[in-house]
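Examining the three-dimensional arrangement
Each chain, written out:
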Amino acid sequence: MKIEDNQEIYIENVSVTELAETYGTPTYVYEENRIRENYRRADRAFRKYYENFKFYYAIKANSNPAVAHILREEGAGIDAASINEILLARELGIDGEDVVFSGNYLSDDDIEQGLSSGVIFNLDDVSLLERLLRIGKPEILSFRVNPGYGRSNVGDFVTNAGPAAKFGIHPDDVLAAYKAAKKAGITRFGAHMMPGSCVNDPEYFAHITALLMDIIGKVGRELNIDFEFIDLGGGLGIPYSPDELPLDIEMTAARIADVFTEKLKEYGLKPPRLVMEPARYFVGDAGYLIGRVHSIKRSYSVIIGTDVGMNILARPAMYGAYHHIYVNGREHASCVREKVDLCGQICENTDYWVKNRELPKGIAEGDLVVVENAGAYGYCMSYQYNGRLKPAEVLVNGAQHYQIRERESFSDVVSGTHIPDHLRPA
Ligand code: LLP
């Protein structure tokens, strides 16, 4: 994104005015080149320090097929959270062991379909093993370990390990899980964790790598298991507010590789493939949300009403998450600023997504607002409510732009619903 001299905002080489006029608002817009740069920067860094390395893109963060195709082209596999994400991966041409199925609290139906799809199962609990074996025996199996500690810049909301997390296997139970799997005749193994999302500190990654390796290392040594892969999860962070520093990816890769190889030696493990399954790092800062100001109220505070609501961008109402925003045409370096609130059009008082923030004075009806860092956990967490519909998605490459998802329409409000005969008007 860039702001030109006339204060017009460009996403790659397309102005937000053109995008809003062509596709309407609210619309999610993704920069293809930024996604590729993010992937390549990270892939280069990890391969430099540990050659046998692979990324599985956690498609939950942005499941638009066009976006996922970019990451497939770059070489990523897919981390799937559900059967539908496995099917989506297959539509992209990614299947078999290029897909890790990391769903949690699975139903028998999930297990059955997961097994027949031939992807790598990553079990969230030892209780699932028994149920899995009743249905079939996978060739390769991984367990998700709760290493007892996790962290997130999004607060406790997105901390996925430690005593308060619903995910993963307690460290004391991991050995028994692999023992049972081995006894059942499974011969190929991986190991996994996903302790937190959005962390910008390389030392955190070194620390959790050590935690996992100390748990898994003992298992490997005791059960004589050569892990084929060890998956450190996602979590590579991006800065959301201007005062946060970006993650030093080079340092992160170096520190992870250091600890990883040292622990392999310590436990006498054969070097496996090192895997990570990030999402936010690839797509987060490549996405923007363009919204329009529709109505301004000057009351107890200045309330700018936009078509970006909690149904369009859920993160602020859900986690109190910060998203930086720009007002198209008004971002002079020396512009006078005033404190305002921004809300959406939903009938809920949590539908504020900016509170008490200094923005250029004089914001008017019809102005466009551009939300940064909307590429991950944006569209995919949007929903219909109050008859407000899910937005459009657009991909930009240079001066070209492509609609990659249509905006919903009224037919989507009633689609799939049925009215029993006795309720039909005579
Ligand atoms: N692997 C697994 C098993 C996951 O559950 C996740 C994300 C990832 C990988 C990718 O994590 P990342 O690299 O993006 O941190 N909705 C929240 C984030 C929830 C993360 C859920 N799991 C947000 O908007 O901040």
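Residues numbered from 1 in each chain as written. Predicted model: local features only at pLDDT ≥ 70, side-chain atom pairs only at ≥ 80, totals over all residues. Heavy atoms only, no water.

1. Quick look at the sheet that holds strand β9 (residues 140–144)
Put simply, the test is: Whether two strands pair depends on DSSP finding at least two bridges between them. Secondary structure counts use DSSP, requiring at least four H or I residues in a row for a helix and at least two E residues in a row for a strand, with both numbered from the N terminus. Each axis is a line fitted through C-alpha atoms, and for a helix only the stretch in contact is used; angles between axes span 0 to 180 degrees, taken between their N-to-C directions.
In space, the eight strands of this closed barrel follow the order β5-β6-β7-β8-β9-β10-β11-β12, with parallel pairing throughout. Strand-to-strand, the axes of this sheet are offset by a mean angle of 25 degrees, without reference to chain direction. As paired elements, strand β7 (residues 99–101) and strand β8 (residues 120–123) share two bridges and run parallel to each other. Bridge pairing in β8 links Phe 101 to Phe 121.

2. A word on the pattern of salt bridges
For clarity, the threshold we go by: Within this document, salt bridges are pairs made up of a side-chain nitrogen of Lys or Arg and a carboxyl oxygen of Asp or Glu, the two lying within 4 Å of each other. We call a residue buried when its accessible area falls under 20% of the maximum for its residue type, exposed when it is over 50%, and partly exposed in between, using a 1.4 Å probe and counting protein chains only.
Within the structure shown, the criterion is met by 25 salt bridges. For Asp 98, the salt bridge goes to Lys 54, with nearest N and O atoms at 3.8 Å. Note that Asp 98 is positioned in the loop between α4 (83–91) and β7 and Lys 54 in strand β5 (residues 53–58), a separation of 44 residues in sequence. Overall, Asp 98 belongs to the partly exposed group, its relative accessible area being 34%. Within this structure, Glu 32, Arg 36, Arg 40, Glu 73 and Glu 74 form a network of salt bridges that share partners.

3. What to know about the pairing of strand β10 (residues 188–192)
Just so we agree on the cut-off: Clockwise travel from the first strand over the helix to the second, with the strands pointing away from the viewer, marks a crossover as right-handed.
Among the five residues that make up β10, five are buried, leaving the element largely enclosed by the rest of the structure. Side chains Arg 188, Gly 190 and His 192 of β10 all project onto a buried face; the interleaved residues Phe 189 and Ala 191 project onto the opposite face, where all are buried too. For the segment spanning β9, helix α7 (residues 174–183) and β10, crossover handedness is right-handed. Relative to strand β11 (residues 227–231), β10 is paired through four bridges, and the arrangement is parallel. In the strand pairing of β11, Ala 191 is matched with Ile 230. Taken together, β10, helix α8 (residues 202–223) and β11 constitute a β-α-β crossover, and its handedness is right-handed.

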